Amino acid sequence: MTVYFIGAGPGAADLITVRGARLLAACPVCLYAGSLVPRELLDGCPPDARLVDTSRLDLDQITAELVAADRAGQDVARLHSGDPSVFSAVAEQMRRLDAAGVAYRMVPGVPAFAAAAAALGRELTVPTVGQTVVLTRIARQATPMPEGEDLATLGRSGALLVLHLAVRHADEVVAELLPHYGPDCPAAVVAHASRPEELVLRGTLADIAGQVREAGITRTAVIIVGRTLAAAEFRDSHLYSAERDRHVC
C-alpha cells in the first residue's frame, strides 16, 4: 500500500489537483486536518472510507493510523492544506514511515501564497522590480527559526516576503521590517484565501498592522511585503520580447 501526502489546496474544494482528487476517490482511508481542510473535499472519498480527523492527534497517533492501514493493505490519502512541500509537517511523518517500512508519495497542491497572489491579482515576480520570493514565518509559539533566518536578516535582501503563521504578530513583523523596507513599502494580508470568507487587506508597512487589528484577523492568513505588490512602471519581460531569438531551442 501507499500513503499519499496530498496537497488539498488553500481552501476552496475545487483547487485540489485532478491527481489529488482521483487518489482521494480511490483510497479506503483518509486522514485530514479538520481545522484546515474543507469538509466538501471529503465528499470525494469512497462512501465507506475510514475518515480520521487529525486535528486533535499527536504525531505518534497519526503514525499509528498510517502504519495500521499499511498492515491492513489499505492505501491512505493524507490530506494536508496548501502544498505538502511548505510548512506542512510532512517531513517528520515521512521519517517515521521510512523507519516503519511504509511506502509514500507526495502529490503537489496549490500553496497558500499562490492563492493569496491570485486574490490580490498580482504577479509576485516583476521584471526589474523583484525576482525573488522568500517564504518564511516567525518563531513565536512554534519551532525556533534557524540561525540567520530571522526577519531582520531576510529583510536586508529587499526581496518580496511571504510570511505564514505570523498574522497574530503583525505589529512585531512590521517593527522588524520597517528599517529595511521603509514605511511606504506595499504590504498586504490575505485571510482564508480562495474561501467564501476570503478577506484581502492592502496597504503599506505603515498601516497594515492597524488594518489587521481592525479586521480582527488572527489566523489562516499570509502577510506579503514587497515592492512588486504595487509595481506599475517596469520593463516588459524578455520572454515575449520581439528582440528575442525564437529559433534557438
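Residues numbered from 1 in each chain as written. Predicted model: local features only at pLDDT ≥ 70, side-chain atom pairs only at ≥ 80, totals over all residues. Heavy atoms only, no water.

> Could you give an account of the pairing of strand 7 (residues 160-164), with specific residues and numbers?
Strand 7 sits mainly inside the fold: five of its five residues count as buried. Here strand 7 shows a buried face lined by L160, V162 and H164 and a second buried face lined by L161 and L163. For strand 7 and strand 10 (residues 221-225), the ladder comprises four bridges, and the chain directions are antiparallel. Directly across from H164, in strand 10, lies its bridge partner V222. (Buried < 20%, exposed > 50% of the residue type's maximum accessible area, 1.4 Å probe, protein only. Helix = DSSP H or I, 4+ residues; strand = E, 2+ residues; numbered from the N terminus. Pairing = 2+ DSSP bridges.)

> Go over the sheet that holds strand 1 (residues 3-7), please, and point to the residues and values.
Here five strands make up an open sheet; going across it, the order is 3-2-4-1-5 and the pairing parallel. The open sheet has two edge strands with one neighbour each: strand 3 (50-53) and strand 5 (104-107). The average undirected angle you get between the axes of adjacent strands in this sheet is 20°. Of the strand pairs in this sheet, strand 2 (residues 29-32) and strand 4 (residues 76-80) are connected by four bridges, and their pairing is parallel. In the sheet register, Y32 faces strand 4, and the bridge partner there is L79. Along the sheet, helix 2 (residues 59-71) contacts strand 1, strand 2, strand 3 and strand 4; its crossing angle with strand 2, the most-contacted strand, is approximately 165°. (Axes fitted to C-alpha atoms, helices over the stretch in contact; angles between N-to-C directions. Contact = heavy atoms within 4.5 Å.)

> Before we move on, can you summarise the packing of helix 6 (residues 170-181) against helix 7 (residues 208-215) with the specific residues and values?
Where helix 6 meets helix 7, the closest approach of the two axes is 9 Å, and the angle between their N-to-C directions is 175°. Taken together, helix 6 and helix 7 sit at an angle that is classed as roughly antiparallel. Of the residues in helix 7, those touching helix 6 at A170, D171 and V174 are I208, A209, V212 and R213. When grouped by side-chain class, the residues that make up the contact of helix 6 with helix 7 number five nonpolar, no polar and two charged. (Parallel < 35°, antiparallel > 145°, perpendicular 65-115°, else oblique. Nonpolar A, V, L, I, M, F, W, Y, C, P; charged D, E, K, R; others polar.)

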